[in-house]
Amino acid sequence: VQLQASGGGLVQAGGSLRLSCAASGRIFSSYVMGWFRQAPGKDREFVAAIRWTGYRLGYVDSVKGRFTISRDNAENTVYLQMNSLKPEDTAVYYCAAASAVGSWLGNQNEYDYWGQGTQVTVSS
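What comes next concerns the included structure.

1. Focus on the packing of aromatic side chains
Under the definition given, this model contains five aromatic pairs. Taking the centre distance of 5.7 Å and the plane angle of 75° together, the rings of Phe-36 and Phe-46 count as edge-to-face. With Phe-36 in strand β4 (residues 32–38) and Phe-46 in strand β5 (residues 45–51), this pair connects stretches of sequence that are ten residues apart. Overall, the relative accessible area of 0% leaves Phe-36 in the buried class. Look at Phe-46 and you get buried, because its relative accessible area is 13%. Measuring from centroid to centroid gives 6.2 Å for Tyr-111 and Trp-114, while their planes differ by 55°, and the two rings are tilted. In this structure Tyr-111 comes out as buried when scored by relative accessible area, which is 4%. Each member of the aromatic cluster is reached from another via a ring pair, and the members are Phe-36, Phe-46, Tyr-111 and Trp-114. Above the plane of the ring of Tyr-94 lies Arg-44, whose end atom (NZ or CZ) is 5.2 Å from the centre.

If you want it as C-alpha cells, here you go:
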C-alpha cells in the first residue's frame, strides 16, 4: 500500500484547507485510514480516522466540529477538510493505513503504512 498526502499550505486563522491522501495498492474494506499531525517540538498525535468503507470512526477533541474526514470511492482518496483553522493546527500532517485497529484509534503502532507529510501552517 502506498499513500501520497497533499494539500497543505499557508492559510490565515479562520481559513480552510483540504488535505488529500491518495492510496494505491491492495486495500481491503476493513482497513482504517487515519490522519495524524506533528507540531514543532511535539509528539505526533491522532487527528481523525475512517474505515475504507467510508464509515467515520472518530476525531481528536480539539478538531471536532471543525475537521471532517471523508473518502472518495472512485478516486481511492481520503480527505481531511479543515475549517476554522487555528494557529495551533500548524503541523505536518500525515495519512496512514491500518489493517486493523483496536479500541484506541490513535495507537500509531497499529498503522502499517504511512504517507509522507504535508505541511499546514496557520498564521494568526
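2. Quick word on the pairing of strand β11 (residues 118–123)
Residues Thr-118, Val-120 and Val-122 point to one face of β11 and are all buried, whereas Gln-119, Thr-121 and Ser-123, pointing to the other face, are not buried. Bridge analysis of strand β2 (residues 9–12) against β11 gives four bridges, and the strand direction is parallel. Bridged to Gln-12 within β11 is Ser-123.

3. Some details on the sheet that holds strand β1 (residues 2–6)
An order of β1-β3-β8-β7 is seen for the four strands of this open sheet, with the pairing classed as antiparallel. Looking along the sheet, the strands with just one partner apiece sit at the ends: β1 and β7 (67–72). Looking at each pair of strands side by side, their axes are set apart by 15° on average, direction ignored. Direction of pairing for β7 relative to strand β8 (residues 77–82): antiparallel, over a ladder of six bridges. Across the sheet, residue Ser-70 finds its bridge partner in β8, namely Tyr-79.

4. Section: the pairing of strand β9 (residues 91–98)
Burial analysis of β9 places seven of its eight residues in the buried class, which makes it a mostly covered element. The sheet contact formed by β9 and β11 spans three bridges and is antiparallel. For Tyr-93, the partnering residue across the bridge sits in β11 and is Thr-118. Looking at chain direction, β9 and strand β10 (residues 113–114) are connected through two bridges and run antiparallel. Within the sheet, the bridge partner assigned to Ala-97 lies in β10 and is Tyr-113.

Conventions adopted
- Residues numbered from 1 in each chain as written.
- Predicted model: local features only at pLDDT ≥ 70, side-chain atom pairs only at ≥ 80, totals over all residues.
- Heavy atoms only, no water.
- Phe/Tyr/Trp six-rings, centres within 6.5 Å; stacked < 30°, edge-to-face > 60°.
- Helix = DSSP H or I, 4+ residues; strand = E, 2+ residues; numbered from the N terminus.
- Buried < 20%, exposed > 50% of the residue type's maximum accessible area, 1.4 Å probe, protein only.
- Lys NZ or Arg CZ within 6 Å of the ring centre and 35° of its normal.
- Pairing = 2+ DSSP bridges.
- Axes fitted to C-alpha atoms, helices over the stretch in contact; angles between N-to-C directions.

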